[in-house]
Amino acid sequence: MGRVSQPHLRRMPVQQRSADRLARILDACAELLDETGYEELSTRAVAARAGVPIGSVYRFFGNKRALADALARRNLDSYAERIAHRLRELPAVDWRGALDAVLDEYLAMKQTVPGFAMVDFGAQIPVGAPAAGPNHEVADRLAGMLAAHLGREADDGLRRAVLVAVEAADALLQLAFRVQPSGDAAIVAETRELLRAYLARVLD
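Residues numbered from 1 in each chain as written. Predicted model: local features only at pLDDT ≥ 70, side-chain atom pairs only at ≥ 80, totals over all residues. Heavy atoms only, no water.

For the rest of this paragraph, the subject is the overall build of the chain. When helices and strands are counted, the chain shows nine helices and zero strands. N-terminal to C-terminal, the α/β element order of the chain is α-α-α-α-α-α-α-α-α. Looking at the 204 residues of the chain, the share that counts as buried comes to 46%. For the chain, the accessible surface area stands at approximately 10,300 Å², while carbon and sulfur atoms represent 52% of it. (Helix = DSSP H or I, 4+ residues; strand = E, 2+ residues; numbered from the N terminus. Buried < 20%, exposed > 50% of the residue type's maximum accessible area, 1.4 Å probe, protein only. Areas by Shrake-Rupley, 256 points an atom, 1.4 Å probe, with all protein chains shown as cover.)

So this is what it looks like as structure tokens:
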């Protein structure tokens, strides 16, 4: 389900067996977040669910916050991979199709990926607190992918516009999922229209 970048790990897995164990640990963390929430999450519970010794968890993570951060990083890597796959199927001039891919893949992950509703791309710990900086990283990755797809430079203007779009979409999609647990379709549709109208001035 995508790589886990180094800053959130005490050590990087070298052998495939260690990588598989790390993936099981993060899968267990995601499942427990959905079942019990962050407050009840513990490294011991994660180890038990993953079927690994507690020392295996501490080999990679110092505490449960580091676990949640690594899960968020894996989610972002997986999201980027999913979008890249969608973009390969689109004409290079179709930025609206690219925008649809960005929204659709987020919604799909929100509805299907364990733990995503709690941490998405940045753990909001305590629950509900704004995560520090993940939208900037999401926007930076999306701007780079969009620029490459369109054959243009990811200049400051494009990066700023994508950041504003990501911040707006984040707030509106949070609203959509507050109104309806599965995501209110009408609010999602309005979000799509708003983003298209806003981004048209820099992408048309």
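Picking up where we left off.
Scanning the entire structure with this criterion turns up six aromatic pairs. Consider the rings of Tyr 106 and Phe 116, whose centres lie 5.4 Å apart with planes at 65°: the pair is edge-to-face. Residue Tyr 106 is located in helix α5 (residues 95-112), and its partner Phe 116 is located in helix α6 (residues 116-119); the two are separated by 10 residues in the primary sequence. A relative accessible area of 10% places Tyr 106 in the buried class. Each member of the aromatic cluster is reached from another via a ring pair, and the members are Tyr 79, Tyr 106, Phe 116 and Phe 121. The residue whose ring lies beneath Lys 64 is Tyr 38, and the NZ or CZ to ring-centre distance is 4.5 Å. The aromatic ring of Phe 177 is capped on one face by Lys 110, whose charged end is 5.1 Å from the ring centroid. (Phe/Tyr/Trp six-rings, centres within 6.5 Å; stacked < 30°, edge-to-face > 60°. Lys NZ or Arg CZ within 6 Å of the ring centre and 35° of its normal.)

A few words now on the pattern of salt bridges. As a working rule, side chains carrying opposite charge can pair if their charged atoms are close by. Per the stated rule, a full pass over the model turns up 14 salt bridges. Here the salt bridges share partners, and the residues they tie into one network are Arg 82, Arg 86, Asp 100, Asp 104, Glu 105, Arg 192 and Arg 196. (Salt bridge = Lys/Arg side-chain N within 4 Å of Asp/Glu carboxyl O.)

Now for the confidence of the model for the chain. Across the chain, the average pLDDT comes to 88, with 88% of residues at 70 or higher. The low-confidence segment residues 1-7 (pLDDT under 50) makes 22 contacts with residues lying over four places distant or belonging to another chain. (pLDDT = per-residue confidence, 0-100. Contact = heavy atoms within 4.5 Å.)

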